[in-house]
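# Structural characterization, general
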Amino acid sequence: MMTDTPYSFLLQNIKTEPAFREIAEKVTAGTRISSEEGLYLFEHAGLGLLGTLATLVKERLHGKKAFYIRNFHIEPTNICIYHCKFCSYAHNKTGETWEMSLDEMLETVKKAPGDMREVHITGGVHPTFDLEFFSTLLQEIKKLRPGLHLKAYSAIELDYMFEEAGVSIEEGLKILKNHGLDSIPGGGAEIFDPEIRAQICDDKAFGRKWLEIHETAHNLGIGSNATMLYGHIEKYSHRIDHLEKLRSLQDRTAGFNTFIPLKFKSANNEMSYLGEVNAVEDMRNYAVSRIFLDNFPHIKAYWPMIGKQMSQLALSFGVDDLDGTINDTTQIYSLAGADDKNPVINTKGLIKLIEDAGYLAVERDSWYNEI
Ligand code: SF4
């Protein structure tokens, strides 16, 4: 049944491919698409159709709003016990090493401008930075800045610190929550498929452990983000499998705030020979993610990773959040060859970026409450 929407014209014109028509009608009606349909979009749909459908989903949720936050990063160390082949960040790839002391990290917090709402804390998995160290860090930051949202430690870092401390996931998360943890970032998910994971990061936590940590966090009232590393050796079927696992978990807990596709960057790592996927593939990936993850409220483009202009374009492919003003406190993507060697943008610049793309810039807090 044809629905009368601004997209009716589009649907009427998808006559040559009944499969596209069926998917487009489902998306227009707000009905969930299947994994097979998601895969079909990845494999066959053109950029125009994907952009139109993803924009429909996004604007149904948020209208013309595009969100940003004032935040900064702390990367405690790039020393890491793991050897992920795609990583350009850990000391074993760069030779460059840093370990921040508690005092140095607290100094970073003290120096951060007073209007910052969130600090994002993540780094390598250091052999001796333990649960006590990271709990103390949270507690001391909260003492300095009680209103600052603490989004800290990827599931991979959590897995190691809980194992070392001999506590269960639930016990460990409760300890961190009691010390001030507000939410956890989405890093470390990579691609859940065990065969792909074995080829790109065989010595770190399994995908199912990542999912278990996030599910436990959600059940304790700790929100989180989700990511997917794409554009390396994975196939579209692995991306859909990954998205399906996230969608199922979100059905159970509704604890994810946002989904952030992370593009494989090829500089300075053991998988450099692969090169990188192009901007068209980036946009297709954002769009299919937006269409498929019907229970995720937000899709974020992390501008230090794809660059400011591509982030602007992503707003027309399902993205509604450009992350934050950040400052130059993150090196994760500059070490991996991102165009922005010094990822910094002030609030005015971010607002202009969004408005120049035809959207309304809306400042948010970490829970997406509008400021
Ligand atoms: S991706 Fe993370 S866990 Fe893997 S080597 Fe790099 S810093 Fe360590």
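In this text the structure is predicted, and so the values were computed from the model without any measurement. (Residues numbered from 1 in each chain as written. Predicted model: local features only at pLDDT ≥ 70, side-chain atom pairs only at ≥ 80, totals over all residues. Heavy atoms only, no water.)

This next bit is on the overall build of the chain. Broken down by element type, the chain carries 16 helices and 10 strands. Projecting the C-alpha coordinates of the chain onto the three principal axes gives extents of approximately 65 × 45 × 40 Å. Residues counted as buried form 58% of the 371 residues belonging to the chain. The long-range fraction of contacts in the chain, counting pairs at least 24 apart against all pairs at least 6 apart in sequence, stands at 75%. Approximately 14,800 Å² of the chain is accessible, and the part contributed by carbon and sulfur atoms is 51%. The positive charge centre, built from 39 side chains, and the negative charge centre, built from 53, are 4 Å apart in the chain. (Helix = DSSP H or I, 4+ residues; strand = E, 2+ residues; numbered from the N terminus. Buried < 20%, exposed > 50% of the residue type's maximum accessible area, 1.4 Å probe, protein only. Contact = heavy atoms within 4.5 Å. Areas by Shrake-Rupley, 256 points an atom, 1.4 Å probe, with all protein chains shown as cover. Lys, Arg positive; Asp, Glu negative; His and termini not counted. Charge placed at Lys NZ, Arg CZ, Asp CG, Glu CD.)

Buried together is how nonpolar side chains tend to be arranged in soluble globular proteins. Y153 and Y286 are the most contacted members of the largest nonpolar core, which has 108 residues in total. Here this core spans two domains, since at least three of its residues come from each of domain 1 (8-61) and domain 2 (62-363). Apart from residues lying up to four places away in sequence, Y286 is in contact with P261, I299, K300, A301, Y302, M305, I306, A314, F317 and V319. (Core = buried A, V, L, I, M, F, W, Y, C linked by side-chain atoms within 4.5 Å. Domains from an automatic or database assignment.)

Moving on to the domain arrangement of the chain. With domains assigned, the chain is organised as domain 1 (8-61) and domain 2 (62-363). Just the C-alpha atoms count here: the centres of domain 1 and domain 2 sit 28 Å apart. Between domain 1 and domain 2 lies a buried interface of about 2,300 Å² when both sides are counted; carbon and sulfur atoms form 65% of it. For domain 1, the biggest contributors to the area lost against domain 2 are R32, F42 and K58; these three give 37% of the whole. (Buried area = accessible area lost by both parts, 1.4 Å probe.)

This part takes up the site of the ligand. Taken together, the residues surrounding the ligand are C80, Y82, C84, F86, C87, Y89, A90, G124 and K204. Partitioned by chemical class, the residues of the shell around the ligand number 7 nonpolar, 1 polar and 1 charged. (Near = heavy atom within 4 Å. Nonpolar A, V, L, I, M, F, W, Y, C, P; charged D, E, K, R; others polar.)

The next thing to look at is the sheet that holds strand β10 (residues 360-363). Backbone hydrogen bonds are what pair the strands of a sheet, in a parallel or an antiparallel way. Pairing within the open sheet is parallel, and its 3 strands lie in the order β9-β1-β10. In the strand order of this sheet, the two ends are held by β9 (321-324) and β10, each with one partner. When the angles between neighbouring strand axes are averaged without regard to direction, this sheet yields 25 degrees. Judged from the 4 bridges that link them, strand β1 (residues 65-69) and β10 form a sheet pairing that is parallel. The partner of A66 across the bridge, within β10, is A361. Relative to β1, helix α16 (residues 347-356) is tilted by about 160 degrees, and along the sheet it contacts β1, β9 and β10. (Pairing = 2+ DSSP bridges. Axes fitted to C-alpha atoms, helices over the stretch in contact; angles between N-to-C directions.)

Counted by the stated rule, this structure contains 4 cavities of 30 Å³ or more. A volume near 60 Å³ is recorded for the second largest cavity. Every residue lining the second largest cavity is listed: E118, H149, K151, S183, N225, N257, T258, K300, R364, S366 and Y368. Listing elements by their share of the lining of the second largest cavity, those giving two or more residues are β4 (149-152) and β7 (256-263). When its residues are assigned to classes, the lining of the second largest cavity shows 1 nonpolar, 6 polar and 4 charged. (1 Å grid on protein atoms, 1.4 Å probe; cavity = no way out; pocket = protein on both sides within 12 Å on 5 of 7 lines; lining within 4 Å. Points joined across faces, edges and corners; volume = space filled by probe spheres on them.)

Here we take up the pattern of salt bridges. Inspection of the entire model under this criterion finds 28 salt bridges. In this structure, D251 engages R32 in a salt bridge whose closest nitrogen and oxygen atoms are separated by 2.8 Å. On the criterion of sequence distance, the pair formed by D251 in helix α12 (residues 236-253) and R32 in the loop between α2 (18-29) and α3 (35-44) is long-range, its members being 219 residues apart. By relative accessible area, D251 is classed as partly exposed at 46%. (Salt bridge = Lys/Arg side-chain N within 4 Å of Asp/Glu carboxyl O.)

Next up on the list: helix α9 (residues 169-178). Along α9, the positions that sit buried rather than exposed are I169, G172, L173 and L176. Taken around the axis of α9, the buried residues stretch over an arc of 95 degrees, which confines them to a single face. Lining the buried residues of α9 we find α7 (131-144), α8 (155-165) and α11 (207-219). Two residues or fewer past α9, G180 is found with a positive phi of approximately 125 degrees. (Arc of directions from axis to C-beta.)

Looking now at the packing of aromatic side chains. If you walk through the whole model with that rule in mind, you get 12 aromatic pairs. Where F67 meets Y368, the ring centres are 5.9 Å apart and the plane angle is 80 degrees; that geometry is what we call edge-to-face. Residue F67 is located in strand β1, and its partner Y368 is located in the segment after β10; the two are separated by 301 residues in the primary sequence. In this structure Y368 comes out as buried when scored by relative accessible area, which is 11%. Between the aromatic rings of F129 and F134, the centroid separation amounts to 6.0 Å while the plane-to-plane angle is 75 degrees, which identifies the pairing as edge-to-face. There is no split in this pair, since F129 and F134 are both buried. Through successive ring pairs, a cluster of aromatic residues spans F192, W210, F256, F259 and F296. (Phe/Tyr/Trp six-rings, centres within 6.5 Å; stacked < 30°, edge-to-face > 60°.)

Look at Y153: it is not a glycine, yet its phi comes out positive at around 70 degrees. Tracing the sequence through the fold places Y153 in the loop between β4 and α8. Residue N268 is not a glycine yet carries a positive backbone phi of 60 degrees. For N268, the position within the fold is in the loop between β7 and α13 (279-292).

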